[in-house]
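For reference, the chains in residue letters:
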Amino acid sequence: QIRILSSIILIPVSIFFIIQGSFTFIFFLSLIFLVTSLEWFKMTKNKDLLRIFGLFFLFFSFFSTVYIRQYIGLNFFLFLIIVCIFTDIGGYLFGKILKGPKLTKISPNKTYSGVVGSFFISLITGFIYIKYLGQKSKILLEIDPIFIFLLILFISLVSQIGDLIISYFKRKAKLKDTGKILPGHGGIFDRIDGLMFVVIVTFIFYKLNFIP
């Protein structure tokens, strides 16, 4: 119940700042950068080199986020967010309902059925978003449907890998959550871990013209 109630507040607030863009969005990201940096420091006690690498990663991810939102477009940025969110939801639902073999010891709650659910649900919601809400995105309209199919699978895969990587560091630090700032959710890192990896990979692929 706490998780649902906090989501009801967090989602509209986040959407407001994302839609506003410009300096309002950068201010919002700066606050997130500050909190996630503190959470990263908590996970990497007495590991200076890892802390520096993590800060560089965080800075690069937030730079990539601003670039995608401002220059590639709002609709495409929302598309990335939707795919990442429903990757998590699909993994959670399929994992809870179907259960089955565990994926890895790094994150004991993740199952193979959850991985399938992540891909399946992200594909459905990704195509629904493009059909009904993504009409203003030049990139999404011009890309071939088969490429979009592969793109959604790739985004979902990167998001899941990012989630596992952060789970590994949490496990090493003997932490269940990266923080307690979000009631029912844990830390901000817990909610955006996969997305941070996705925006970096998307930025790089866009610059290399792999994404038209």
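Residues numbered from 1 in each chain as written. Predicted model: local features only at pLDDT ≥ 70, side-chain atom pairs only at ≥ 80, totals over all residues. Heavy atoms only, no water.

*Asks:* So, helix α5 (residues 112–132): which residues are in play, and what are the values?
*Replies:* When the terminal C-alpha atoms of α5 are compared, their 31 Å separation across 21 residues agrees well with the 30 Å that a helix rising 1.5 Å per residue should span. Of all the residues in α5, the buried ones are Ser113, Gly114, Val115, Gly117, Ser118, Ile121, Ser122, Leu123, Thr125, Gly126, Tyr129 and Ile130. Summarising the contacts, the buried residues of α5 are in contact with α4 (74–98), α6 (138–142) and α7 (145–172). (Helix = DSSP H or I, 4+ residues; strand = E, 2+ residues; numbered from the N terminus. Expected span 1.5 Å × (residues − 1). Buried < 20%, exposed > 50% of the residue type's maximum accessible area, 1.4 Å probe, protein only. Contact = heavy atoms within 4.5 Å.)

*Asks:* I'd like a rundown of unusual backbone geometry, residues and numbers included.
*Replies:* One non-glycine residue, serine 22, lies in the positive phi region at around 50°. Position of serine 22 among the secondary structure elements: in helix α2 (residues 22–43). You will see that lysine 99, though not glycine, has its phi angle at about 55°, which is positive. Topologically, lysine 99 is positioned in the loop between α4 and α5.

*Asks:* Report on the layout of surface pockets, specifying residues and quantitative values.
*Replies:* Size it by volume and the second largest pocket reaches roughly 160 Å³. What lines the second largest pocket is Phe147, Leu150, Leu151, Phe154, Ile155, Val158, Val198, Val201, Thr202, Phe205, Phe210 and Ile211. Elements supplying a minimum of two residues to the lining of the second largest pocket: α7 and α8 (188–207). By residue number, the principal contributor to the lining of the second largest pocket is α7, which donates 6 residues. Along the lines of polarity and charge, the residues of the lining of the second largest pocket split into 11 nonpolar, 1 polar and no charged. (1 Å grid on protein atoms, 1.4 Å probe; cavity = no way out; pocket = protein on both sides within 12 Å on 5 of 7 lines; lining within 4 Å. Points joined across faces, edges and corners; volume = space filled by probe spheres on them. Nonpolar A, V, L, I, M, F, W, Y, C, P; charged D, E, K, R; others polar.)

*Asks:* Just give me the short version of the nonpolar core, but keep the residues and values in it.
*Replies:* Core analysis: the largest hydrophobic core is formed by 47 residues, its most contacted members being Ile68, Phe76, Phe77, Phe79, Leu80, Ile155 and Phe189. Broken down by secondary-structure element, the contributors of at least two residues to this core are α1 (2–20), α2, α3 (48–72), α4, α5, α6, α7 and α8. Setting aside its immediate chain neighbours within four residues, isoleucine 155 contacts Phe79, Leu80, Val83, Cys84 and Val198. (Core = buried A, V, L, I, M, F, W, Y, C linked by side-chain atoms within 4.5 Å.)

*Asks:* I'd like a rundown of the environment of leucine 157, residues and numbers included.
*Replies:* Counting through the fold element by element, leucine 157 comes out in helix α7. Take leucine 157: its relative accessible area is 37%, and that puts it in the partly exposed class. Sequence separation of leucine 157 and glycine 73 is 84 residues, and the distance between their C-alpha atoms is 22 Å.

*Asks:* Outline the pattern of salt bridges, supporting the account with residue identities and numerical values.
*Replies:* Under the counting rule described, the total for this entry stands at 2 salt bridges. Ionic pairing is found between aspartate 163 and lysine 110, a salt bridge with its closest N-O pair at 2.7 Å. Separated by 53 residues along the polypeptide, aspartate 163 in helix α7 and lysine 110 in the loop between α4 and α5 bring together distant segments of the chain. Aspartate 190 is the partner of lysine 170 in a salt bridge, and the nearest nitrogen-oxygen pair spans 2.8 Å. Here lysine 170 is found in helix α7, whereas its partner aspartate 190 is found in helix α8, with 20 residues between them in sequence. Take lysine 170 and aspartate 190: they sit in the same class, and that class is buried. (Salt bridge = Lys/Arg side-chain N within 4 Å of Asp/Glu carboxyl O.)

*Asks:* Outline the packing of aromatic side chains, supporting the account with residue identities and numerical values.
*Replies:* Aromatic ring pairs: the centre-centre distance and the angle between the two ring planes describe each pair. Tallying each qualifying case throughout the model produces 19 aromatic pairs. Aromatic pair phenylalanine 33 and phenylalanine 62: ring centres 5.6 Å apart, planes at 85°, arrangement edge-to-face. Within this pair, whereas phenylalanine 33 is found in helix α2, its partner phenylalanine 62 is found in helix α3, the two being separated by 29 residues in sequence. When its relative accessible area of 9% is taken as the criterion, phenylalanine 62 is described as buried. Ring centres 5.1 Å apart and planes at 80° place the aromatic pair tyrosine 67 and phenylalanine 203 in the edge-to-face group. Residue tyrosine 67 is found in helix α3, and its partner phenylalanine 203 is found in helix α8; the two are separated by 136 residues along the sequence. The same class applies to tyrosine 67 as to phenylalanine 203, namely buried. Above the ring of phenylalanine 41, the side-chain terminus of arginine 51 is found at 4.6 Å from the ring centroid. (Phe/Tyr/Trp six-rings, centres within 6.5 Å; stacked < 30°, edge-to-face > 60°. Lys NZ or Arg CZ within 6 Å of the ring centre and 35° of its normal.)

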